[in-house]
Amino acid sequence: MEQSKAIERITEILDESKIGVLSTAQNNEPNARYMWFYNDGLTLYAKTNDQSPKYDELAGNPKAHVLLGFHDSRNHAFVEVYGDVERINAQETIDWLWEDADAEFFDSKDNPHLKVLKITPTDIKIMNDDKYEEVKLSL
């Protein structure tokens, strides 16, 4: 399997799939929650509140597991992303990700509790894809 083809397929799945599961851990206890993801190539981003438990969990253990994909279609392809998480405070990044629907959770993009999680993949697996039988990339 050519790595560039696998990266192309992973990016395709990430571009199509915005709602996924972010899993973190604290004190050997897993914690998973649905989140809205954005991608820039293979790098993932998610908005969060700095008062949420996940924000503190990631300060102590900046590792995460993300599941994205698995649409209701014949090919239930999805990706598993293992990565390092950076907590971002940059207004430029917040502005880039802001959508009108975010006002439901944050009064504005200037809310001091609005932060971004940047997930830089260390490993990515393509799962349930007929053409890419359980491809795993280590980055």
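Residues numbered from 1 in each chain as written. Predicted model: local features only at pLDDT ≥ 70, side-chain atom pairs only at ≥ 80, totals over all residues. Heavy atoms only, no water.

- The name that an unreviewed UniProt entry assigns to the chain is Pyridoxamine 5'-phosphate oxidase family protein, with the source organism given as Salinicoccus bachuensis.

Structural notes on helix 2 (residues 53-60)
Piece 1. Within the span of helix 2, buried status applies to Lys54, Tyr55, Glu57 and Leu58. For helix 2, the buried positions fall inside an angular range of 165° around the axis, keeping them on one side. In this structure, helix 2 carries Pro53 and Gly60 as exposed residues pointing more than 90 degrees from its buried face.
Piece 2. Elements in contact with the buried residues of helix 2: strand 1 (19-26), strand 2 (29-40), strand 3 (43-49), strand 4 (63-69), strand 5 (78-88) and strand 6 (114-127). (Buried < 20%, exposed > 50% of the residue type's maximum accessible area, 1.4 Å probe, protein only. Helix = DSSP H or I, 4+ residues; strand = E, 2+ residues; numbered from the N terminus. Arc of directions from axis to C-beta. Contact = heavy atoms within 4.5 Å.)

Overview of the pairing of strand 6
Piece 1. Counting buried residues along strand 6, 10 of its 14 residues qualify, which places the element largely inside the surrounding structure.
Piece 2. Of the strand pairs in this sheet, strand 3 and strand 6 are connected by 6 bridges, and their pairing is antiparallel. Bridge pairing in strand 6 links alanine 46 to leucine 117.
Piece 3. Across 3 bridges, the pairing between strand 6 and strand 7 (residues 136-138) is antiparallel. The residue bridging lysine 125 from the neighbouring strand is lysine 136, located in strand 7. (Pairing = 2+ DSSP bridges.)

Topic: the packing of aromatic side chains
Piece 1. The full count for this structure, using the stated rule, is 1 aromatic pair.
Piece 2. Centroid distance tyrosine 45 to tryptophan 96: 5.1 Å. Interplanar angle 90°. Geometry classified as edge-to-face. With tyrosine 45 in strand 3 and tryptophan 96 in helix 3 (residues 91-97), the pair connects residues that are 51 residues apart, well separated along the chain.
Piece 3. What makes tryptophan 96 partly exposed here is its relative accessible area of 47%.
Piece 4. A cation sits over an aromatic face here: arginine 87 above tyrosine 55, 4.1 Å from the ring centre. (Phe/Tyr/Trp six-rings, centres within 6.5 Å; stacked < 30°, edge-to-face > 60°. Lys NZ or Arg CZ within 6 Å of the ring centre and 35° of its normal.)

Focus: unusual backbone geometry
Piece 1. Positive phi outside glycine occurs at asparagine 27, with the angle close to 50°.
Piece 2. Note that asparagine 27 resides in the loop between strand 1 and strand 2.
Piece 3. If you check the backbone angles, asparagine 28 has positive phi at about 60° while not being a glycine.
Piece 4. Take asparagine 28: its relative accessible area is 78%, and that puts it in the exposed class.

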